[in-house]
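If you want the building blocks of each chain, they are given just below.
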Amino acid sequence: MASLSLKHIYKRYPGGVTAVSDFCLEIKDKEFIIFVGPSGCGKTTTLRMISGLEEITEGELYIGDRLVNDVAPKDRDIAMVFQNYALYPHMTVFENMAFGLKLRKTPKEEIKRRVEEAARILDIAHLLDRRPKALSGGQRQRVALGRAIVREPKVFLLDEPLSNLDAKLRAAMRTEITKLHKRLGTTFIYVTHDQIEAMTMATRIVVMKDGLIQQVDTPQMLYDNPCNMFVAGFIGTPQMNFLNATLSKKGDNVYATIGSNEFKLPAEKAENEALQEYIGKEVIVGIRPECVRDDDAGIQLYGKEWGCTAQVDVKEDMGAETYLYLTLDETPVIGRISGRSSAVSGESHQIAFNMNLAHIFDKDTEKCICH
């Protein structure tokens, strides 16, 4: 198996376009690393540089202790699963999975053993005689994974492998790929723009924007401690509410004024040294939708210091939870309310924020001041 080391990697294209800038990352053996970010952020380009399909303009890439900048893709001991599956239509499932091994002159018995073992793991043993056109999207995805598995590579690279599947199948395949990673005990590097895939599958997530790494951490740490507004807004569904606020101090207490409402900050935030520099200044207060409460217990618990009245624009009943699209002093707010909500569209509604879990950001740099 293998660890990877990316040291100050750059990708520049003719015309002065820089797709990836100063990418530094240490990937441990057997990790499940996910690159996530919006389209055009450089995540697929980085994956293709690891695979050898794109040249590295500057920097060093190590797989294990071996510098592989100038090593051909076929000699890097990696396997890549593409977004469009890239299966040969005229070959059966068995032939598709065996093709790479045949090129390597692997003995027939060994090919048969590896293909059958991979097919058993992926539950496609009954499909080995079929051609791709006779398979569903999920089955084709499994064949593409199987073709990678039979090579027994040190590193698996997966480029948005689930984006062509419907929502239900995508959720099922997330679980299958997570199980596969644990079963194979191999390093996985996975690219997606879907933060739900990243949060549910990764051991660590690399959040990218405009070719730059924004933050690298475990899913829970990214969720609880985002380093800036981009990460805070990208991780979490629905995305975090960002509210313009002005900080003021009265005695030992610090208050955030949002529109016509004044919210007393919890003591641990008020005592934060970094926050003291922002007294009298404008900041951004980040509130996750699930930190918006409208139930009796929430209003009773938080309402005294953190309660307010908002206009209900749209109410979406999702069964186990309700999404409320609200307006608070001309600022849109989304609430993810557990259970049933008494809110009525078009009417004002009493809500409360759990400010214990609020994040405060610098308005200019968008960096987090305190969590």
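Residues numbered from 1 in each chain as written. Predicted model: local features only at pLDDT ≥ 70, side-chain atom pairs only at ≥ 80, totals over all residues. Heavy atoms only, no water.

*Asks:* Help me understand the overall build of the chain, please; the structure alone is not making it clear to me.
*Replies:* Across its full length, the chain carries 11 helices and 21 strands. Over its C-alpha atoms, taken along the principal directions, the chain stretches across nearly 80 × 45 × 35 Å. Put simply, the chain has 371 residues, and 49% of those count as buried. In the chain, once contacts between residues fewer than 6 apart in sequence are set aside, the share between residues at least 24 apart is 67%. For the chain, the exposed surface amounts to about 17,700 Å²; the carbon and sulfur share of it is 48%. Counting 47 positive and 51 negative side-chain charges, the chain places the averaged centre of each group 9 Å from the other. (Helix = DSSP H or I, 4+ residues; strand = E, 2+ residues; numbered from the N terminus. Buried < 20%, exposed > 50% of the residue type's maximum accessible area, 1.4 Å probe, protein only. Contact = heavy atoms within 4.5 Å. Areas by Shrake-Rupley, 256 points an atom, 1.4 Å probe, with all protein chains shown as cover. Lys, Arg positive; Asp, Glu negative; His and termini not counted. Charge placed at Lys NZ, Arg CZ, Asp CG, Glu CD.)

*Asks:* Looking at this model, I keep getting lost on unusual backbone geometry. Mind explaining?
*Replies:* Where the residue is not glycine, phi is negative for most of them; where a peptide bond is considered, it is trans in most cases. In this model, T237 is joined to P238 through a cis peptide bond whose omega is -15°. One can find P238 in the loop between α8 (229-234) and β11 (241-250). Although it is not a glycine, H8 adopts a positive phi angle of roughly 50°. Along the chain, H8 falls in strand β1 (residues 4-13).

*Asks:* Quick question: what am I supposed to make of the environment of A320 here?
*Replies:* Structurally, the position occupied by A320 is in the loop between β16 (307-317) and β17 (321-328). A residue is classified by how much of its surface remains accessible, and A320, at 66% relative accessible area, is exposed. When the C-alpha positions of A320 and E290 are compared, they lie 13 Å apart, and in sequence the two are 30 residues distant.

*Asks:* Where do I start with the packing of helix α2 (residues 93-103) against helix α4 (residues 137-149) in this structure?
*Replies:* Two packed helices can be described by the angle between their axes and the distance between those axes. Where α2 meets α4, the axes come as close as 8 Å, and the angle between the chain directions of the two elements is 30°. Here α4 runs roughly parallel to α2, going by the angle between their axes. Helix-helix and strand crossings are classified by hand; for α2 and α4 the assignment is right-handed. Counting all contacts with α2, which are made through V93, N96 and M97, the residues of α4 involved are V143, G146 and R147. For the contact of α2 with α4, a count of residues per class yields 3 nonpolar, 2 polar and 1 charged. (Axes fitted to C-alpha atoms, helices over the stretch in contact; angles between N-to-C directions. Parallel < 35°, antiparallel > 145°, perpendicular 65-115°, else oblique. Left-handed = near helix turned anticlockwise from the far one by under 90°. Nonpolar A, V, L, I, M, F, W, Y, C, P; charged D, E, K, R; others polar.)

*Asks:* Any chance you could explain helix α5 (residues 167-184) here in plain terms?
*Replies:* Because the α-helix completes a turn every 3.6 residues, residues three or four places apart line up on one side. Compared with the 26 Å implied by 1.5 Å per residue over 18 residues, the 26 Å span of α5 between its first and last C-alpha is a close match. Considered for burial, the residues of α5 that qualify are M173, R174, I177, T178, L180 and H181. When α5 is viewed along its axis, its buried side chains cluster within an angular range of 160° and face the same direction. When the buried face of α5 is taken as reference, the exposed residues oriented beyond 90 degrees from it are K168, K182 and R183. (Expected span 1.5 Å × (residues − 1). Arc of directions from axis to C-beta.)

*Asks:* Can you walk me through the sheet that holds strand β12 (residues 253-258) in this structure?
*Replies:* Hydrogen bonds between backbone atoms are what pair the strands of a sheet, whose relative direction is either parallel or antiparallel. One open sheet accounts for 6 strands, arranged β13-β12-β11-β14-β20-β21; its pairing is antiparallel. Whereas interior strands pair on both sides, the edge strands pair on one side only; in this sheet they are β13 (261-264) and β21 (368-370). Mean inter-strand twist for the sheet, computed between neighbouring axes without regard to direction, equals 40°. Two elements, β11 and strand β14 (residues 282-287), share 6 bridges in a ladder whose sense is antiparallel. Bridge pairing links L243 to V285 in β14. (Pairing = 2+ DSSP bridges.)

*Asks:* Hey, could you run me through the side chain of N241 in this one?
*Replies:* Tracing the sequence through the fold places N241 in strand β11. Within the structure, the side chain of N241 is placed 2.7 Å from the backbone nitrogen of I334, a separation counted as a polar contact. Aside from chain neighbours lying at most four places away, what touches N241 is V285, G286, I287, R288, P289, V292, P332, V333 and I334. (Polar contact = N/O pair within 3.5 Å; in protein donor to acceptor, adjacent residues only side chain to side chain.)

*Asks:* Is there a simple way to think about helix α11 (residues 296-306) in this case?
*Replies:* Of the residues making up α11, those classed as buried are G298, Y302 and W306. For α11, the arc enclosing every buried residue in end-on projection is 30°, short of the 170-degree limit, so these residues lie on one face. Away from the buried face of α11 by more than 90 degrees, exposed residues D296, Q300 and K304 are located. On its buried face, α11 is in contact with β13, β15 (292-293), β16 and β19 (348-353).

*Asks:* Can you walk me through the packing of α4 against α5 in this structure?
*Replies:* The N-to-C vectors of α4 and α5 enclose an angle of 15°; their axes lie 11 Å apart at closest approach. Judged on the interaxial angle alone, α5 and α4 are roughly parallel. Of the two elements, α4 crosses α5, and the hand of that crossing is right-handed. Residues G137, G138, Q141, R142, L145 and I149 of α4 pack against L169, M173, E176, I177, L180 and L184 of α5.

*Asks:* Quick question: what am I supposed to make of the sheet that holds strand β10 (residues 212-217) here?
*Replies:* Read from one edge to the other, the open sheet built from 6 strands follows the order β6-β7-β8-β3-β9-β10, with strand pairing classed as mixed. Strands with a single pairing partner mark the edges of an open sheet, and in this sheet they are β6 (78-81) and β10. Neighbouring strand axes in the sheet, compared pairwise and without regard to direction, differ in orientation by 15° on average. As paired elements, β6 and strand β7 (residues 155-159) share 4 bridges and run parallel to each other. Residue pairing for β7: V81 is matched across the bridge by L158. Taken strand by strand, α5 contacts β3 (32-36), β7 and β8 (187-192), and its axis lies near 160° from that of β8.

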